[in-house]
Structures are given as C-alpha cells and as structure tokens.
Amino acid sequence: MKEKKLSLRLVTYELRNVSGNWYVLFFGIVFPILLSVVLSETLTGQLPSGIKKEVVTTIVLTMSLVIPMSIMLLGYAALYANEVEKGIPMRLRLFGYKEKTVMTAKVIAHLLFMSMAFLIFAVAEPLFLDILMPKTGSLVCLIVCLYLLGIIFLIMAHAIANLCGRFGPTYAITMILYFLIMILSGMMGARTEQLPEVLQKIARTMPMTYISNDFIDFWQGGSYNFVPMIQSYLFLGAVAGILLMASLHKNRRGD
C-alpha cells in the first residue's frame, strides 16, 4: 500500500483523541486553575498584604507545571499505552501510515493541546487571583522551560508505554511518577526545604523544583543562577533518552 504522508486530517484525528480524554481535560486544564485558587485562598488568608501577591504568584507558577505533567506525561502515556495494547499502531501501518508519521502527528496534537491549556491558564489566573506581573524576559523564559518539560515528559511517556506494552502498568508507573514529582518539587503544599535531606537531594535533580521554589525571584526581572536548573534539565533529558533507547531496543527485538 502507498505510504501516507503527514496531513491535517491525521493531526486533527490525534487532537480529537487528546481532547476526548476527560482525564486530560480535567487535570490538564481545570485542575491547575482550581488548585491554584484553592491554595491561594487557604495559604494566604493570614498573610500581610505586602507579601500576599508574591506567595500567590509562587502558587500560580507552581501550578503551571501541572499542565505539561498532566497532558504530556499522564495523558500521552495513557492514550498511547491503550493504543499499543489494542494493536492500533500495527493496524495503522497496514493502512500505509508509518510509525514516524503517526508519532509526528501525535506530538503536534499534544503540543497544540498543551498550548491551548497554557492560554486558558494564562487568561484565567489574573481573573481569579491578584498576581505579580512578569517582565517579558521572565515570561518567555518560563514558557521555554514549560515546553522543554512537556517534550521531555512526552518522550518519557512514550518510552514507558512501549516498555510496558499495556495500559495498566503504564498508567500505574506514570501516576506514581506524577505524584512523586508533585511531592518532591513542593507542589502538594510542603516546600522542598521542609523535606528530609535525602529527598531534597533527589528533588534538586528535577527542573520542577527550581520553577516551583525559586522562579519567583526572577519573575519581575531579578537575578537568578540558572546553572542548577540547566543541569537538572540535562539530567531529566538524559533519563528520558535512556528510557527511549531501551524501548527502541525492546521493539527491535520484538519482545
């Protein structure tokens, strides 16, 4: 059969798959907005007005991390693992769609959906919360950081789904990673410095920790040491790359 190329129809099909997942809709769009409002109301009630804005802004920055985690890690892993278990990638190959073409469509669809989620989040947060407005450079830096995280999470999710080959184990592993990251990076209420020393060392290997705990210092144009954050991105990217190579090796062997 003639090989089919990447098309708008294929991207639209993948985008419908993403947006049709209620879990992604809730945890990728509604949950971060809802949680930021709830935490802001509960954690800043007794704070002086002078620091209230800064604390609320820190919470909003932290909740922005939930979007790539929910869409690219949990959402993509669940969707792709379900397809692998049902043999959908093999069926698509029979219809002329190479795996590379399908994967490109999936990546584009997930990036588009994540962009829509970021836009809704960016519009909703100032409507519900009184936050500090960023310098342009700080905002651009945050956007780049979030998209890099999304790409790394997508690679990890794809690799885990391929390695497991079934929905159940894939969902369990990514869910554990999801909540582990939230706990270690200070997204569940307790800040990273309040954790035991061993857990703090683990947390410092993750970019999410720096965005959640330190990024507020840079938000309005202040100075910031990016070296630890860059090192954590390299580490997380290396982990994702190793998982991807392991999954490709498994697929070559046909296990």
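These lines cover the structure that appears in this document, whether it is placed above or below. Note that the structure is predicted; figures quoted are calculated from it, not measured. (Residues numbered from 1 in each chain as written. Predicted model: local features only at pLDDT ≥ 70, side-chain atom pairs only at ≥ 80, totals over all residues. Heavy atoms only, no water.)

What to know about the overall build of the chain
Okay, step 1: Looking only at helices and strands, the chain features 12 helices and zero strands.
Okay, step 2: Relative to the globule expectation of 18 Å for 255 residues, the C-alpha radius of gyration of the chain, 19 Å, shows essentially globular dimensions.
Okay, step 3: Considering only C-alpha atoms, the chain reaches an extent of 70 × 40 × 30 Å along its principal axes.
Okay, step 4: Within the chain, the proportion of its 255 residues that are buried is 45%.
Okay, step 5: Nonlocal contacts in the chain, meaning residues at least 24 apart in sequence, comprise 80% of its contacts between residues at least 6 apart.
Okay, step 6: Total accessible area on the chain is roughly 13100 Å²; 69% of this is exposed by carbon and sulfur atoms. (Helix = DSSP H or I, 4+ residues; strand = E, 2+ residues; numbered from the N terminus. Rg over C-alpha atoms; globule rule 2.2 N^0.38 Å. Buried < 20%, exposed > 50% of the residue type's maximum accessible area, 1.4 Å probe, protein only. Contact = heavy atoms within 4.5 Å. Areas by Shrake-Rupley, 256 points an atom, 1.4 Å probe, with all protein chains shown as cover.)

Some points on the packing of aromatic side chains
Working definition: an aromatic ring pair is given by the centre-to-centre distance plus the angle between the planes.
Okay, step 1: Taken as a whole, this structure holds 15 aromatic pairs when the rule is applied.
Okay, step 2: Between Phe-26 and Phe-31, the aromatic rings sit 6.2 Å apart at their centres with planes inclined by 40°, giving tilted as the arrangement.
Okay, step 3: A ring pair is formed by Phe-27 and Phe-31, whose centres lie 5.2 Å apart and whose planes are at 55°; its orientation type is tilted. Within this pair, Phe-27 and its partner Phe-31 are both found in helix H2 (residues 22-43), separated by four residues, close to a single helical turn. The residues Phe-27 and Phe-31 share a single accessibility class, namely buried.
Okay, step 4: Grouping aromatic residues by their ring pairs yields a cluster made of Trp-22, Tyr-23, Phe-26, Phe-27, Phe-31, Phe-167 and Tyr-171. (Phe/Tyr/Trp six-rings, centres within 6.5 Å; stacked < 30°, edge-to-face > 60°.)

A short note on the packing of H2 against helix H3 (residues 49-64)
The relative placement of two packed helices comes down to the angle between their axes together with the axis-to-axis distance.
Okay, step 1: Interaxial distance between H2 and H3 falls to 9 Å at its minimum, and their mutual angle equals 155°. By the angle between their axes, H2 is roughly antiparallel relative to H3. When the axes of H2 and H3 are compared, the crossing they make is right-handed. Contacts between H2 and H3 involve Pro-32, Leu-35, Ser-36, Leu-39, Ser-40 and Leu-43 on the former and, on the latter, Val-56, Ile-59 and Met-63.
Okay, step 2: Partitioning the contact of H2 with H3 into residue classes produces seven nonpolar, two polar and no charged. (Axes fitted to C-alpha atoms, helices over the stretch in contact; angles between N-to-C directions. Parallel < 35°, antiparallel > 145°, perpendicular 65-115°, else oblique. Left-handed = near helix turned anticlockwise from the far one by under 90°. Nonpolar A, V, L, I, M, F, W, Y, C, P; charged D, E, K, R; others polar.)

Any functional reading would require information beyond the geometric quantities listed.
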